[in-house]
Amino acid sequence: ILNVEQSPQSLHVQEGDSTNFTCSFPSSNFYALHWYRWETAKSPEALFVMTLNGDEKKKGRISATLNTKEGYSYLYIKGSQPEDSATYLCAFNQAGTALIFGKGTTLSVSS
Amino acid sequence: EAQVTQNPRYLITVTGKKLTVTCSQNMNHEYMSWYRQDPGLGLRQIYYSMNVEVTDKGDVPEGYKVSRKEKRNFPLILESPSPNQTSLYFCASRYRTGITGELFFGEGSRLTVL
C-alpha cells in the first residue's frame, strides 16, 4: 500500500519566522509530486507540481525541493505571515496510478 | 472565471434517503474526480473519470455511484446514504494530458447523514 507521510502534523509560528515541512513518499517508480495549500472553508489550490529529481520551485515566499531518489520533498515558507495559515497537502503518484494524498501539515501563524 | 462548482455546499440528510452532489467545471477538463476528507485521514479518492462515459473506482467507492454523460458534469450519487458517509466531499478536475497536471478543486460539500 502506497503511503505519503507529512510532518509535522501541525505547527505554530510567529509572524516573520521561516518554516519548513516534509513530505515522504515511496522512491520507486516516481512520477510526480504535488503540493497544495488548503485554507479553511476554501478549496485546495495547487502550489507546485514537481516531476524531476532535484527540482526546485518557487512562488513568492514559498519554495519546494524534490529528492526522488530518497523519496522526500520539502516545502519552505520564508518570513511567515498570518495569511500563510493553512493546511499544506502533499500528494504523490507513481506512473499509471492515482494521486495519493498525505494527511497534511497545518500551519498557524500569529501576529 | 475558471472554476469547479459543487452543490450543495452543506447538507444534512437521513439514512437511506438518496441524494446527489453535483459537480460542474468550465475548463474543458477531461479528467474529473471525487474525494472525501475525514479527520485524521488524507483526501481519499472515491471515483474518477478520464473522459465522457469513462468512469473508474478509486480507493473508497463503496456506497457511491457516478456518471459522466457530459464533459463538464460529474455528479456523485449516494443511493442509500449511511452515517459513515458523513464527510467533506471535494470534486476536482484537470486536463488529461499526462497525469502531472495540477488538480482544480471545488469548494467542498459537507454532508451529514443522521
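Summary of the structure given here. (Residues numbered from 1 in each chain as written. Chains lettered and ligands numbered in written order. Predicted model: local features only at pLDDT ≥ 70, side-chain atom pairs only at ≥ 80, totals over all residues. Heavy atoms only, no water.)

Quick word on the overall build of chain A
When its secondary structure is counted, chain A shows zero helices and eleven strands. Each helix and strand of chain A, placed in order from N terminus to C terminus, yields the pattern β-β-β-β-β-β-β-β-β-β-β. The C-alpha radius of gyration of chain A comes to 13 Å, within 12% of the 13 Å expected for a compact globule of 111 residues. In chain A, which comprises 111 residues, the proportion classed as buried is 50%. Accessible surface, chain A as shown: approximately 5400 Å² in total, 46% of it carbon and sulfur. Measuring between centres, the 9 positive side-chain charges of chain A sit 4 Å from its 10 negative side-chain charges. (Helix = DSSP H or I, 4+ residues; strand = E, 2+ residues; numbered from the N terminus. Rg over C-alpha atoms; globule rule 2.2 N^0.38 Å. Buried < 20%, exposed > 50% of the residue type's maximum accessible area, 1.4 Å probe, protein only. Areas by Shrake-Rupley, 256 points an atom, 1.4 Å probe, with all protein chains shown as cover. Lys, Arg positive; Asp, Glu negative; His and termini not counted. Charge placed at Lys NZ, Arg CZ, Asp CG, Glu CD.)

Some details on the state of the cysteines
Here, disulfide denotes a covalent bond that connects the sulfur atoms of two cysteines. Within this structure, the stated rule accounts for two disulfides over all chains. A sulfur-sulfur distance of 1.7 Å marks the disulfide that ties Cys23 of chain A to Cys90 of chain A. Taking the sign of the S-S torsion, -50° for the link of Cys23 of chain A and Cys90 of chain A, the bridge is left-handed. In this pair, Cys23 of chain A sits in strand β3 (residues 19-24) while Cys90 of chain A sits in strand β9 (residues 86-94), placing the two residues 67 residues apart along the sequence. In this pair, the class of Cys23 of chain A matches that of Cys90 of chain A, namely buried. What pairs with Cys23 of chain B in a disulfide is Cys91 of chain B, and their sulfur atoms sit 1.9 Å apart. The sign of the S-S torsion, about -75°, decides the handedness of the disulfide formed by Cys23 of chain B and Cys91 of chain B: left-handed. Highlighted residues: Cys23 of chain B in strand β3 (residues 19-25) and Cys91 of chain B in strand β9 (residues 87-94), separated in sequence by 68 residues. Residues Cys23 of chain B and Cys91 of chain B agree in their burial class; the two are buried. (Disulfide = S-S within 2.5 Å.)

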